[in-house]
Amino acid sequence: MAFPLEILQKTRKSFKKIIENTSLESLNKIPEGHRNNIIWNIGHILVTEQLLAYKLSGLPTMVSDILIDKYRKGTTPEGPVTQDEVDEINGLLEVSLEKTIENYKKGVFKNFNEYTVSTTGNTLTDIDESLQFILFHEGMHLGIVMSLLKAV
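Criteria and thresholds
- Residues numbered from 1 in each chain as written.
- Predicted model: local features only at pLDDT ≥ 70, side-chain atom pairs only at ≥ 80, totals over all residues.
- Heavy atoms only, no water.
- Helix = DSSP H or I, 4+ residues; strand = E, 2+ residues; numbered from the N terminus.
- Rg over C-alpha atoms; globule rule 2.2 N^0.38 Å.
- Buried < 20%, exposed > 50% of the residue type's maximum accessible area, 1.4 Å probe, protein only.
- Contact = heavy atoms within 4.5 Å.
- Axes fitted to C-alpha atoms, helices over the stretch in contact; angles between N-to-C directions.
- Parallel < 35°, antiparallel > 145°, perpendicular 65-115°, else oblique.
- Nonpolar A, V, L, I, M, F, W, Y, C, P; charged D, E, K, R; others polar.
- Patch = residues over 30% accessible without salt bridge, like charges linked within 9 Å, V, L, I, M, F, W, Y side chains within 5 Å.
- Areas by Shrake-Rupley, 256 points an atom, 1.4 Å probe, with all protein chains shown as cover.
- Salt bridge = Lys/Arg side-chain N within 4 Å of Asp/Glu carboxyl O.

## Observations concerning the overall build of the protein chain
Across its full length, the protein chain carries six helices and two strands. Counting from the amino terminus, the protein chain carries its helices and strands in the arrangement α-α-α-α-α-β-β-α. Its C-alpha atoms give the protein chain a radius of gyration of 15 Å, near enough to 15 Å, the size a compact globule of 152 residues would have. Buried residues in the protein chain amount to 46% of all 152 residues. Here the contacts in the protein chain between residues at least 6 apart in sequence split such that 71% fall between residues at least 24 apart.

## Description of the side chain of Lys16
Following the sequence through the fold, Lys16 ends up in helix H1 (residues 2-20). Ignoring sequence-local partners within four residues, the contact set of Lys16 consists of Asn90, Leu93 and Glu94.

## With respect to the packing of helix H3 (residues 38-53) against helix H6 (residues 127-151)
Helix packing for two helices is described by the angle between their axes and how far apart those axes are. At their nearest, the axes of H3 and H6 sit 9 Å apart, and the two run at 180° to each other. Here H3 lies roughly antiparallel to H6, going by the angle between them. In this structure, H3 contributes Ile38, Trp40, Asn41, Ile42, His44, Ile45, Thr48, Glu49, Leu52 and Ala53 to the contact, and H6 contributes Ile127, Ser130, Phe133, Ile134, His137, Glu138, His141, Ile144, Val145, Leu148 and Leu149. Taken together, the residues that form the contact of H3 with H6 break down as 13 nonpolar, six polar and two charged.

## A short note on a nonpolar patch on the surface
On the surface, a cluster of nonpolar side chains totalling about 220 Å² of accessible area is made up of Phe136, Met140 and Ile144. In this fold, Phe136 is placed in helix H6.

## Some remarks on the pattern of salt bridges
Per the counting criterion, the structure on display carries eight salt bridges. Residue Glu94 pairs with Lys13 through a salt bridge whose shortest N-O separation is 3.2 Å. With Glu94 in helix H5 (residues 83-106) and Lys13 in helix H1, the pair connects residues that are 81 residues apart, well separated along the chain. Exposure remark for Lys13: the relative accessible area of 47% places this residue in the partly exposed category.

Here it is, written out as structure tokens:
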């Protein structure tokens, strides 16, 4: 599982770089024809990783219920995000993944509740499958974010 985790780390660094090099206005802008913005996509990958790794394993998440409710599957931006919230998301991107990797190596994810993802229809049956799907999901959203960057 080392290589997928390495890719996830590099993907998270890409998201952080985007946040740090994009204005708050551009992070919040929803281009015509789109349902969400750059910061929503980044908050969404953060929350999704926590739900698919921790919640499905019956463990507490590192992100607040407020962030989960705002960025989970099926949500859209409710309005502009403040710089404080952008900073919170940015601060959690690497820290949360590093903790997930540490916990994975320690074998913390013992129990796992199967879950069928709507994106592909696959059923995740353990933490390894979940992390592989998380990698796919974050790559997909990185592509969306790169497209949104061109549109803003």
